[in-house]
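# Observations on the three-dimensional arrangement
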Amino acid sequence: MRYIHPKAIKVWRIHGMIWTFICLIAAVALFICGRLVYHWFYYGGGVMLLLAIGSGILSIWLIPVLRWRFFRYRISETQVMIREGIWMVKQTVIPIARIQYVDTHQGPLLRRYRLSSLKVSTAATTHHIPALGHRQAISLRNYLADLAQVSDVDV
Amino acid sequence: MSMSKLRRAHPLSIVFDCVKDFRQVIFPIVLGGLFGIKQNGSWSAWIYPMIGLVVGLSSAVLRWWRTKYQLQEEQLYVIKGSMIKSERFIRYDRIQSVHLTTNPIASRLGFMKVEVHTAGGKGQAELALSAVRKREAHLLKETLRQKKAHSMRQEAEAHNVVVNEQEAQPLKEMRLRHKELVIASITSSGLGVIVVALLSTMSQISELFENVPFFKAILHDFNQAIGIPLLKIIIVILSLILFFWLISSVISFFQVGRFQLSIYEKEWMIKKGLFQQTEQTIPHRRVQAVRLHENWLRQVLGYVTVYIECVGGQAGKSKGEVMLFPLVKKRLLMRFLEDVRSPYPFIPLKHCAVKRSFYWKMVKYVMPTCFIAMGMTLWLPYGSYAWGMPLAVLLFSWLSYRDAGLGVNGTYLAVSFRRTAKVTVLTQRRRMQALTYQASRLQMLLKCATIKATVIGSSSGFDFKVTDMSDWHGRKLYAWYHTFYARRGKANQKRAWE
């Protein structure tokens, strides 16, 4: 089993920062509303602030590391295996004979760090490998697409 | 066969289309118009509905005029689109199904609706003809079937595979007997019979409430709290349930009435519907899983409903589930599946959940509801009746513990579990698109796991999940799936090396 690219932690941290920032702005807005409009808004602001602090600790500091630590994948000649989950540990087997499409995706954040995510779809399910080095993702995609083409439909 | 000419549906399809389109909107339009007259006292309010009517009518005419089809040598040629013209060539071997439907009026006039589906159509028909003469419709269906078989045969010959010729005569036909039809419709929703039983014993119940001190006390409490006699409320609720149950029974009576399953060597034909009869042909190879469904009422009576999950669109349905037979005696199930030539045999299931998982369910579900009930008893007047809730949850968790089952035979798999009804899924390894072994940290501690697998249903996957099965069974099932592919990989590698 292999780990995904360690830069994934950075990307997830930035995601967490963005969310925390949004929560903070909302909290500030609610406090201002509480001052100007109606004091009930203070409670909302307080909740928002707690949420921001909580999500800050969890989504910036703790979860990215753990998530990276617990995400593993293996791509062999016949199957893709993905193991993920911090509390709920899931191990999924996708036979390559069942794969129909393989896509790579790259958002602005992932592009900034030269990463790509891989999306593997069967006729009924979709699975993600969130952050791989861009080149590696592309070569994996080509590899899987080639194998998926040659593999027989009926087993 | 030489190339036939471009054909259209019968012009009557304009009328049918219009009726179908307007059936939903005609009522609000008329109401709106009448309301408008009342308010303005003029006919001007009718203008917009009239415009709508004209637009609808002309679009139906256009649709009829521009939808044309032609049976070509290797493909079906379809031109359609009232505004944007689209031409499409559909290879005969890509056609998944041809549906013929009819309703009483059209049937009286001698017309049928024809829909041609392909696998990629996402439930939308590639070709829909709203009115075709019955004889022509059957002919079209038969022609398409033959052409498809022909092109598949050619394909197979190219690959040196022998394909058996399809027989025109069914091997066997199965119908629903009258008694079974009645049972099927009565038990279609789980609440039914118990309500009838309750109502029939109503007089005894009222006696109970009047005479037995415990129930009398309850009645008294309730009268004081709400001010409406409890008995009346119970009667109202029960009769409401009865009403809904009656409706659902009648609906399913109409849906399942005149049910007929014809079994061919390689496909099934299902006809059903008391008035609006629908007809579906399902090749066995499209079937991904057989699902046996028992709601608790049928479970008590020993009956099972058999569904199949299959690829490709069904008429007017986004889900890939088709009812194969509405009611089968459970002890005759094995023979039934053999008789209908089910691609997946019944495998005896072994109970695979462990006691500790049941205890864990008690912690997870029953304990919180116990706390809630306790709170309600403490803070609410008459809150002690809330203790029924943990009891119900306890019963449900026990049932779902009891119904977790697993059976493996070669490449075939059978699993059973409980959602609200007991569900048993029969399928094969190659039909399962992916398999997940999952366990929360707590489940790991308890040495149990959840296995989730997905097969293809028409628009999205149909996934089935056995929760809290024993770790040992889970691992075994996981290995059954994954080592097979791993071994294949090794074999391939060897072949590549040699």
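Please read these numbers as outputs of a predicted model, since none were measured by experiment.

So, about the overall build of chain B. Scanning chain B from N- to C-terminus turns up 15 helices and 20 strands. Expressed as a percentage of its 498 residues, the buried residues of chain B come to 29%. Contacts in chain B between residues at least 24 apart in sequence constitute 57% of all its contacts with a sequence separation of at least 6.

A few words now on the packing of helix H12 (residues 355-379) of chain B against helix H13 (residues 388-402) of chain B. Residue and element names in this part refer to chain B. Viewed as axis vectors pointing N to C, H12 and H13 meet at an angle of 165°, and their least axial separation amounts to 9 Å. Judged by the inter-axis angle, H12 sits roughly antiparallel to H13. In the crossing of H12 with H13, the sense of the turn from one axis to the other is right-handed. On H13, the residues that touch Ser357, Phe358, Lys361, Met362, Tyr365, Val366, Thr369, Cys370 and Ala373 of H12 are Met389, Pro390, Val393, Leu394, Ser397, Trp398 and Tyr401. Within the contact of H12 with H13, the residues separate by chemical class into 12 nonpolar, three polar and one charged.

Okay, the UniProt feature "transmembrane region" (unreviewed entry) in chain A next. Residues and elements named next belong to chain A. The UniProt entry lists residues 21-41 and 47-66 under the feature "transmembrane region" (unreviewed entry), expressed in the numbering used here. Taken end to end, residues 21-41 is 81% helix and 0% strand, and its two terminal C-alpha atoms sit 19 Å from one another. This span, residues 47-66, is 100% helix and 0% strand, and a straight line between its end C-alpha atoms measures 26 Å.

Residue and element names in this part refer to chain B. Here we have three strands laid out as an open sheet, ordered E1-E2-E3, and antiparallel in their pairing. Among the strands making up the open sheet, the edge pair consists of strand E1 (68-71) and strand E3 (86-91). For this sheet, the mean inter-axis angle between neighbouring strands, taken without regard to orientation, is 15°. Note that strand E2 (residues 75-80) and E3 share six bridges and pair antiparallel. Bridged to leucine 76 within E3 is isoleucine 90.

A few words now on the pairing of strand E9 (residues 267-272) of chain B. All names here are of chain B. Pairing of strand E8 (residues 260-263) with E9 involves four bridges; the strand directions are antiparallel. When the bridges of E9 are listed, leucine 261 appears paired with isoleucine 270. Between the end of E8 and the start of E9, which pair antiparallel, lie three residues. The sheet contact formed by E9 and strand E10 (residues 278-283) spans six bridges and is antiparallel. Bridge pairing links glutamate 267 to proline 283 in E10.

Right, let's get into the pairing of strand E3 (residues 79-84) of chain A. Residue and element names in this part refer to chain A. Here four bridges tie strand E2 (residues 72-75) to E3, and the two strands are oriented antiparallel to one another. Residue isoleucine 75 lies in a different strand from E3, and its bridge partner there is valine 80. With antiparallel pairing between neighbouring strands as the criterion, E2 and E3 make up a hairpin whose turn holds three residues. Alignment of E3 against strand E4 (residues 88-95), held across six bridges, turns out to be antiparallel. Paired with valine 80 across the strands is isoleucine 94, a residue of E4. The hairpin turn running from E3 into E4, its antiparallel successor, is three residues long, and glycine 85 in that turn takes a positive phi close to 110°.

Right, let's talk about the interface of chain B and chain A for a bit. Chain B puts 22 residues into the contact, and the matching count from chain A is 20 residues. When residues of the side of chain B that touches chain A are traced back to their parent elements, those giving at least two are strand E18 (434-440), strand E19 (448-456) and helix H15 (471-497) of chain B. In the side of chain B that touches chain A, the residues fall into nine nonpolar, 10 polar and three charged.

Moving on, we come to the environment of arginine 419 of chain B. All names here are of chain B. Secondary-structure assignment places arginine 419 in the loop between strand E16 (412-418) and strand E17 (422-428). A residue is classified by how many C-beta atoms lie within 10 Å of it, and arginine 419, with 11 of them, is exposed. Taking C-alpha positions, arginine 419 is 9.4 Å from phenylalanine 396, a pair spaced 23 residues apart along the chain.

All names here are of chain A. Across the interface, helix H1 (residues 7-36) lies against helix H2 (residues 41-70) with an axial gap of 8 Å and an inter-helix angle of 175°. Considering the angle they form, H1 stands roughly antiparallel to H2. Here the contact of H1 with H2 is composed, by residue class, of 22 nonpolar, eight polar and two charged.

Conventions used here
Residues numbered from 1 in each chain as written. Chains lettered and ligands numbered in written order. Predicted model: local features only at pLDDT ≥ 70, side-chain atom pairs only at ≥ 80, totals over all residues. Helix = DSSP H or I, 4+ residues; strand = E, 2+ residues; numbered from the N terminus. Buried ≥ 20, exposed ≤ 12 C-beta atoms within 10 Å, placed from the backbone. Contact = placed C-beta atoms within 7 Å. Axes fitted to C-alpha atoms, helices over the stretch in contact; angles between N-to-C directions. Parallel < 35°, antiparallel > 145°, perpendicular 65-115°, else oblique. Left-handed = near helix turned anticlockwise from the far one by under 90°. Nonpolar A, V, L, I, M, F, W, Y, C, P; charged D, E, K, R; others polar. UniProt positions renumbered as here; feature names shortened; annotations may be inferred. Pairing = 2+ DSSP bridges.

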